Amino acid sequence: SAKKAGRGRILAFHHGLEDEINERRFIEQELRLALADGALSVCYQPIVAGDGLRMVGAEALVRWRHEVRGNIPPSVFVAVAEQAGLMIELGDFVLKRALADAREWPDLFIAINLSPIQVRDRGLVRSVANALEDSGIEPSRVVLEITEGVLIDNPEEAKQRLKELRALGVKIALDDFGSGYSSLSYLRRLPIDKLKIDREFVAPLGRSANGGVILQAIVALGRALGLSVLAEGVETEEQRLLLRLAGCDEMQGYLFARPMPAAALLDATRRGVQASPDPAAGEG
Ligand code: C2E
Ligand code: MG
Ligand code: MG
Ligand code: MG
């Protein structure tokens, strides 16, 4: 077909070039096709309660398996989608897919990442309201994850939008807290319910005597502000124990489970997650 031929040409073109701009252009064109072809999917990573024993929710993570390149990570293509004007479409796809899938796990909350581009979009509140209605999901089961990036452009508008989202009954989590330039003042300035501590602060736990000092302080601060606190990137049993002692409400990481397709998550809700890192566990 003409489309197939076009695709082949793009690939051949790419192979001779190492230039970043052309790589970006390649990803952009292929991403347009992927969005149209349904080549994107969504995986789900379990989130467990602070005791590390009970699954309480799952985070939706977008996946792209390219026919030639194989899996292209979201760290690559989400940024391209943002620059290329494709983020609203990509975000809507994840929102609808995740809420539809989450219907199967009535006892879990579903966390969905929002790009700052989506938060800036005037249509966001309407899109979320429609997706909630179509899925019939209880809004209180939905957590929207934002990053400090929402404050860059127009912080007042961002705050207003988050308030409108909360008025729908969903919760807001501040993702990757502590990474980048995030400052403590964001915690007061943003209308949020939950803090996701970046794995940068989880990784040193147990490695050095004071490796957990900052983490303990962040957990205490979050709790003092009435926020629920989740630690990302939990990989070892020692980290789990220290996080539990620190008073973390929820945890997420390879120790418990990797991101997995919706069907596998449904299985896990029946089986239950166990704190056993399985290096062979894949995303299927
Ligand atoms: P994030 O929202 O902070 O998601 C957590 C990332 O950490 C995921 O990577 C997850 O697979 C990974 N992770 C989970 N547990 C562990 C662990 O124990 N150790 C390590 N080393 N990593 C762990 P992933 O899926 O590659 O996503 C990367 C980022 O891409 C996400 O970070 C998020 O910022 C973005 N992203 C993914 N899906 C979406 C989406 O649907 N929309 C938007 N806007 N961004 C997305
Ligand atoms: Mg996230
Ligand atoms: Mg995160
Ligand atoms: Mg992160």
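Attention in this report is confined to the structure presented alongside it. Treat the numbers as computed from the prediction; the structure is a model and nothing was measured.

1. Side note on the overall build of the protein
Piece 1. Helix and strand counts for the protein stand at twelve helices and nine strands.
Piece 2. Within the protein, the proportion of its 284 residues that are buried is 48%.
Piece 3. Contacts in the protein between residues at least 24 apart in sequence constitute 64% of all its contacts with a sequence separation of at least 6.
Piece 4. A total accessible area of about 14,100 Å² is found for the protein, and carbon and sulfur atoms account for 50% of it.

2. Topic: the site of ligand 1
Piece 1. Taken together, 22 residues surround ligand 1, and among them R63, N113, D175, E235 and Y254 come closest.
Piece 2. Within the contact set of ligand 1, an oxygen atom lies 2.9 Å away from a side-chain nitrogen or oxygen of N113.
Piece 3. Contact distances for ligand 1 include 3.2 Å between an oxygen atom and a side-chain N or O atom of R199.
Piece 4. Notes on ligand 1: free accessible area 790 Å², of which the protein chains cover 83%.
Piece 5. Among the detected pockets, ligand 1 sits in the largest pocket.

3. Here we look at the side chain of S115
Piece 1. By the element assignment, S115 lies in the loop between strand 4 (109–113) and helix 5 (116–120).
Piece 2. In contact with S115, not counting residues within four places along its chain, are E82 and M87.

4. Section: the coordination of the magnesium ion (ligand 3)
Geometry sets the ideal angles at a metal, namely 109.5 degrees for four tetrahedral donors and 90 or 180 degrees for six octahedral donors.
Piece 1. Distances from the magnesium ion (ligand 3) to its protein donors, namely D175 (OD), D176 (OD), E232 (OE) and E232 (OE), fall within the range 1.9 to 2.7 Å.
Piece 2. In the primary sequence, the donor residues of the magnesium ion (ligand 3) line up as D-D-x55-E.
Piece 3. The metal-metal distance between the magnesium ion (ligand 3) and the magnesium ion (ligand 2) is 3.7 Å, with D175 serving as a donor to both.
Piece 4. You can call D175 buried: its relative accessible area is 7%.

5. As for empty space enclosed by the protein
Piece 1. All chains considered together, the criterion is met by two cavities of 30 Å³ or more.
Piece 2. In this structure, the largest cavity is lined by P116, V119, R120, G149, V150, I152, D153, N154, E157, A158 and R161.
Piece 3. For the lining of the largest cavity, the elements supplying multiple residues, two or more each, are helix 5 and helix 7 (155–167).

6. What about the pairing of strand 5 (residues 142–146)?
Piece 1. Counting buried positions along strand 5 yields five of five residues, so the element is predominantly enclosed.
Piece 2. Burial along strand 5 is two-sided: the face carrying V142, L144 and I146 and the face carrying V143 and E145 are both buried.
Piece 3. Pairing of strand 4 with strand 5, which is carried by four bridges, proceeds in the parallel orientation. Along strand 5, the bridge assignment pairs I112 with L144.
Piece 4. Looking at chain direction, strand 5 and strand 6 (residues 171–177) are connected through four bridges and run parallel. Within strand 6, the residue paired with I146 across the bridge is L174.

What counts and what doesn't
Residues numbered from 1 in each chain as written. Chains lettered and ligands numbered in written order. Predicted model: local features only at pLDDT ≥ 70, side-chain atom pairs only at ≥ 80, totals over all residues. Heavy atoms only, no water. Helix = DSSP H or I, 4+ residues; strand = E, 2+ residues; numbered from the N terminus. Buried < 20%, exposed > 50% of the residue type's maximum accessible area, 1.4 Å probe, protein only. Contact = heavy atoms within 4.5 Å. Areas by Shrake-Rupley, 256 points an atom, 1.4 Å probe, with all protein chains shown as cover. Near = heavy atom within 4 Å. Polar contact = N/O pair within 3.5 Å; in protein donor to acceptor, adjacent residues only side chain to side chain. 1 Å grid on protein atoms, 1.4 Å probe; cavity = no way out; pocket = protein on both sides within 12 Å on 5 of 7 lines; lining within 4 Å. Sits in = over half its atoms within 2 Å of the grid points. Donors = N, O, S within 2.8 Å, 3.2 Å for Na, K, Ca; no water. Points joined across faces, edges and corners; volume = space filled by probe spheres on them. Pairing = 2+ DSSP bridges.

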